Structures are given as C-alpha cells and as structure tokens.
Amino acid sequence: MALIDNKKNDKPVIDTNNLKLAQSESYNALIKGNNDWVNNRLKDDPDFFKKLSKGQSPQVLWIGCSDSRVPANEVTGTKAGEVFVHRNIANVCVHSDMNMLSVLDYAVNVLKVKHVIVAGHYGCGGVAAAMSNKQFGLIDNWLRHIKDVYRLHSHELDRITDETQRQNRLVELNVSEQVYNLCKTSIIQNAWMERHDLEVHGWVIDLGTGLVKDIKVSSSSPHNLGYVYELDGIEAVAQH
Ligand SMILES: [Zn+2]
C-alpha cells in the first residue's frame, strides 16, 4: 500500500492511484497466468480441454488446509481432473459440517475415489492460533475443534518444551484425529461395506522442503474405531 503525506493535517492518506494500479496488476497477472496455463496444457496435449470438458474421474479426494502454500495439484504433481478437493482452515473434518460431508459423499459414492487424504502442514496458522489463548473472532469457533485435539493429547503435548516442536506435533495429531473423524462417518463406513478399494490417509506437508510425510494412520476398515463408532448396516438400525 502506497502512502503519501498530507501536509495540511499531518495524517497519512492512501494514494488511491497507486493502489488501483497495484490492484489491477495483481489481477491481470491472474488472467495472464491462466492464458499461460492453457497454452502449456495444449502444448502437452492438444485435446486436453476437450477431454476435460467430457467429465471427471479423479481417484483422490484431498481434504487440506486453505493456506495458499499447500495447493493440492501442485503438491502432488497432478493435473486438473485428477484430484477432487475440499479445503478449510487447518483441514478440520467435523461431522456437522454439511459442506465437508457433501464433498465426501459425492467423492466416495458418485466419483468412487479410492483414496481420501487429509493433508495438514507444518507451520499451520490455524493450529498455531488454536494453541494460543488469544481471541481471533468468529474463527475461534472453528479453532475450538483443534483445541479439543490438544486436550485429548495434552499428556503428550505438554511434555514438549520447544514451542515449534509442540506445534508440529499438534499438526500431526490434528491430521490423525481428522482421519479418525472421517472413518467414523456413515459415508466412509457404508462404502467399506460395499467395496474394499477405499483408503483414508493422513499426510503432513513440510513447507521447508515441499515434501509430504505419510504419518502412517491409513485406514481401510472400521475395525479399530472402537465399539460405539463402528456402525452396523442400515437394515440392522431399522430393526430397533
Ligand atoms: Zn494451515
């Protein structure tokens, strides 16, 4: 933002001409970026967009953080059409979130994806905020889900004295709990009753290297969920 001095009242005022110029430059860069992307895709495959417009059959649902540094396609080296994506602050999966559930249901039951990946990342602002006692406004309601993850694992987290290490561990535990949350949904469990080619995974992206770490919480059956979470078939529920 460019500021110029206003001699009359000593208050800085915004130079709107420079502001508008910078704004239109950053906007125009997006249009140019789109044109470059189209040209590059067409260079690789002249029929790329013809095929893309016919429909999608991605094998993967990505549930990641909204952070601008962790775009699903770039991180995984995939192209348009290969990853179905849902993102929110700190990749939280809550069973009352109709947005997430709708994306999950469509991906699992219509697109028949084979992998659902919860992708968190070290240096996550949402996780850092959840670890603090500060108020941030409306978002505090969302971050409370991560505070609950902290409380669940406080015996381990409170022992970590280094704050960055503690935050990194909470990032991992948050991914792990969100994978668990997905596995508890009737969407995932009913799909497991029908087919054996659906896995839920947990990843953490290291922003310093760009590399993904599989945190080894992959699940392909409801057997380790615990008695109250492991659902019976719908017919059995109707009998009661
Ligand atoms: Zn984040």
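Our subject is the structure that appears above.
Definitions and cut-offs
- Residues numbered from 1 in each chain as written.
- Predicted model: local features only at pLDDT ≥ 70, side-chain atom pairs only at ≥ 80, totals over all residues.
- Pairing = 2+ DSSP bridges.
- Helix = DSSP H or I, 4+ residues; strand = E, 2+ residues; numbered from the N terminus.
- Axes fitted to C-alpha atoms, helices over the stretch in contact; angles between N-to-C directions.
- Parallel < 35°, antiparallel > 145°, perpendicular 65-115°, else oblique.
- Contact = placed C-beta atoms within 7 Å.
- Nonpolar A, V, L, I, M, F, W, Y, C, P; charged D, E, K, R; others polar.
- Expected span 1.5 Å × (residues − 1).
- Buried ≥ 20, exposed ≤ 12 C-beta atoms within 10 Å, placed from the backbone.
- Arc of directions from axis to C-beta.

Asks: Give me the sheet that holds strand β4 (residues 83-88): which residues, what numbers.
Replies: Judged by pairing direction, the sheet is mixed, and its five strands sit side by side in the order β4-β3-β5-β6-β7 without closing on themselves. The open sheet has two edge strands, β4 and β7 (212-214), and neither has a second partner. Looking at each pair of strands side by side, their axes are set apart by 25° on average, direction ignored. Strand direction decides the pairing type here: strand β5 (residues 115-121) and strand β6 (residues 199-205), joined by seven bridges, are parallel.

Asks: If you had to explain the packing of helix α4 (residues 98-110) against helix α9 (residues 186-194) to someone new, which residues and values would you point to?
Replies: Where α4 meets α9, the axes come as close as 10 Å, and the angle between the chain directions of the two elements is 10°. Put simply, α4 runs roughly parallel to α9. Here α4 contributes Leu101, Leu104, Asp105, Val108 and Asn109 to the contact with α9, which in turn contributes Ile187, Ile188 and Ala191. Here the residues of the contact of α4 with α9 are counted per class, giving six nonpolar, one polar and one charged.

Asks: Got a sec to walk through α4? Specific residues and values, please.
Replies: With 13 residues, α4 extends 17 Å from end C-alpha to end C-alpha; this agrees with the ideal 18 Å at 1.5 Å per step. Within α4, burial applies to Met100, Leu104, Ala107 and Val108. Down the axis of α4, the smallest arc covering the buried residues is 90°, so these residues share one side. Set apart from the buried face of α4 by more than 90 degrees, the exposed residues are Met98, Asn99, Ser102 and Val110. On its buried face, α4 is in contact with β3 (60-65), β4 and α9. Positive phi appears at Lys112, one or two residues downstream of α4, with a value of about 55°.

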